[in-house]
Every structure is written in structure tokens, then in C-alpha cells.
Amino acid sequence: ENIPHLLDCIDLKVVHSKIRLLTFEMHKYYLKEKGQEIDEKITSKELFDKLDDYIQYSNYKQANFIVKLLNERGYEFVDVDDRRPAIKEFDSKDLEFFAKREHKNWYKLRVNLGWTYGTDGKEKTSPNLVSWDKLDEDIKRNNKRTFENLPTICAEPNIKLKIIKSE
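What you see is a predicted model, and the numbers here were worked out from it, not measured in a lab.

**Comments concerning the overall build of the protein**
Helices and strands together make up the secondary structure of the protein, namely 6 helices and 4 strands. When the elements of the protein are put in sequence order from the N terminus, they spell out α-α-α-α-β-α-β-β-α-β. Taken over 167 residues, the protein has a buried fraction of 35%. In the protein, 63% of the contacts between residues at least 6 apart in sequence involve partners at least 24 apart. For the protein, the exposed surface amounts to about 11100 Å²; the carbon and sulfur share of it is 49%. Distance from the positive charge centre (31 side chains) to the negative charge centre (31 side chains) of the protein: 4 Å.

So this is what it looks like as C-alpha cells:
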């Protein structure tokens, strides 16, 4: 209970992580991409809260990993008010790198959570639990689309981030 007061004493405050907000918005964007009708009165957080706990956990991990991936290629997330120019899109080499590495991370996370390869629809099975090279081309394109859409998602009014190329 005293933490906000203590932080205030040293001119700091507790705020929601913009990466957390980005996670909510990425999920909403994903639903729209899949053609799901979204009631605009429902917030991104409310949509996210409907997910099973393990999927929320996976999505948080994915968003944090995306930050690390971008850093590996010399990009960073900054506040929309930062004067440096925003990245509008990534080149094809970066998209391939990001999607491949993100899939590998997703794969490891699923295996650690007890998932196995399967096409029978049983719980904790996925036909996508294969290496990048064996992954269906449509799934690869979807993974790349996450990164293609990332600059747009960051610019959402409730996110107010942009991606820049580090100097």
C-alpha cells in the first residue's frame, strides 16, 4: 500500500506497461485478421481477459520476446512523441528473421507447457508444433504478418508507441 506514496516521494509513479497494452491490442488485431466480428464497445483488455490463463501467459511472453527480437536487429520501441522517425515497415530479411525466431520461441514455450504435435484436435496438441522449415507456408505468412502489422498496432491511440531504428 505504501509503494505509490514512496515512489511519489522520489518523483516516480507506477504505470501500466505499454508492452502489456500492446499485448492486448495484438490479440484484438489477430481476431480481426481471422475475420472475427469485434464489438467496438469491448476493450482490448476485455477481449484478452476472455482467453485461458495459459494463452494469456503465452501472449505476454510473445510480446516481451518481440521487444527482444527487435533489439537484436537494431530496433526499439519508443514513445510516439520521440522525435526520431518511426519505422513504417520492415524489409523481407527482417520479417523472415523475426517470424522464424518468434516461431522457435513459441515452439519452445509450448513444449515447456506440455504441448505435443498433433492434428487430432486433442487438448495441448498443435499441427504447428514443427520446426520453421516444416511449417505450412500459410502459417509462415501469418507469423510474418504479425511483424508487418506491428508498426500500425503500436500507433493505436491507447498504445502510443513507435518503432525506430537504433543509432
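**A few points about the layout of surface pockets**
Volume-wise, the largest pocket comes out at about 960 Å³. Considering the residues around the largest pocket, the lining is formed by 28 residues, among which Tyr-30, Gln-62, Trp-106, Asn-143 and Thr-146 are closest to the centre. At the level of secondary structure, the elements contributing two or more residues to the lining of the largest pocket comprise helix H2 (18-33), helix H4 (53-72), helix H5 (92-112) and helix H6 (137-154). The dominant element in the lining of the largest pocket, judged by the number of residues it contributes, is H6, at 8 residues.

**Notes on the packing of aromatic side chains**
Tallied over the full model, the rule gives 9 aromatic pairs. Aromatic side chains Phe-97 and Phe-98 sit 5.9 Å apart centroid to centroid with 65° between the ring planes, which places their arrangement in the edge-to-face category. Phe-97 sits in the partly exposed class, given a relative accessible area of 21%. For Phe-98, a relative accessible area of 0% puts it in the buried group. The ring of Phe-97 has Arg-73 sitting right over it, with the charged end atom 4.4 Å from the ring centre. The lysine or arginine in question, Arg-110, covers the ring of Trp-115, its NZ or CZ lying 5.0 Å from the ring centre.

**So, the environment of Cys-154**
Note that Cys-154 resides in helix H6. On the basis of relative accessible area, Cys-154 is assigned to the buried category, the value being 0%. Beyond its immediate stretch of four places on either side in the chain, Cys-154 contacts Leu-22, Phe-77, Ile-159, Lys-160, Leu-161, Lys-162 and Ile-163.

**Here's the deal with unusual backbone geometry**
For Lys-124, which is not glycine, the phi torsion reads 60° and is therefore positive. Position of Lys-124 relative to the elements: it lies in the loop between strand S2 (116-117) and strand S3 (125-126). The partly exposed category is assigned to Lys-124, whose relative accessible area is 33%. Of note in this structure, Lys-160 is not a glycine but carries a positive phi near 55°. In this fold, Lys-160 is placed in the loop between H6 and strand S4 (161-165). On the basis of relative accessibility, which here comes to 45%, the residue Lys-160 falls in the partly exposed class.

**Some details on the confidence of the model for the protein**
Chain-level pLDDT for the protein is 90 on average; 98% of the residues reach the 70-or-more range. For the protein, the element scoring lowest by mean pLDDT is helix H1 (residues 3-9), at 82; S4 scores highest, at 95.

**Some thoughts on the packing of H2 against H6**
The geometry of a pair of packed helices is captured by two quantities: the angle between their axes and the separation between those axes. Where H2 meets H6, the closest approach of the two axes is 11 Å, and the angle between their N-to-C directions is 120°. In terms of axis orientation, H2 runs oblique to H6. The element H2 and its partner H6 pack so that their crossing is right-handed. Contacts between H2 and H6 involve Leu-22, Glu-25, Met-26, Tyr-29 and Glu-33 from the former and Arg-145, Thr-146, Asn-149, Leu-150, Thr-152, Ile-153 and Cys-154 from the latter.

Criteria and cut-off values
- Residues numbered from 1 in each chain as written.
- Predicted model: local features only at pLDDT ≥ 70, side-chain atom pairs only at ≥ 80, totals over all residues.
- Heavy atoms only, no water.
- Helix = DSSP H or I, 4+ residues; strand = E, 2+ residues; numbered from the N terminus.
- Buried < 20%, exposed > 50% of the residue type's maximum accessible area, 1.4 Å probe, protein only.
- Contact = heavy atoms within 4.5 Å.
- Areas by Shrake-Rupley, 256 points an atom, 1.4 Å probe, with all protein chains shown as cover.
- Lys, Arg positive; Asp, Glu negative; His and termini not counted.
- Charge placed at Lys NZ, Arg CZ, Asp CG, Glu CD.
- 1 Å grid on protein atoms, 1.4 Å probe; cavity = no way out; pocket = protein on both sides within 12 Å on 5 of 7 lines; lining within 4 Å.
- Points joined across faces, edges and corners; volume = space filled by probe spheres on them.
- Phe/Tyr/Trp six-rings, centres within 6.5 Å; stacked < 30°, edge-to-face > 60°.
- Lys NZ or Arg CZ within 6 Å of the ring centre and 35° of its normal.
- pLDDT = per-residue confidence, 0-100.
- Axes fitted to C-alpha atoms, helices over the stretch in contact; angles between N-to-C directions.
- Parallel < 35°, antiparallel > 145°, perpendicular 65-115°, else oblique.
- Left-handed = near helix turned anticlockwise from the far one by under 90°.

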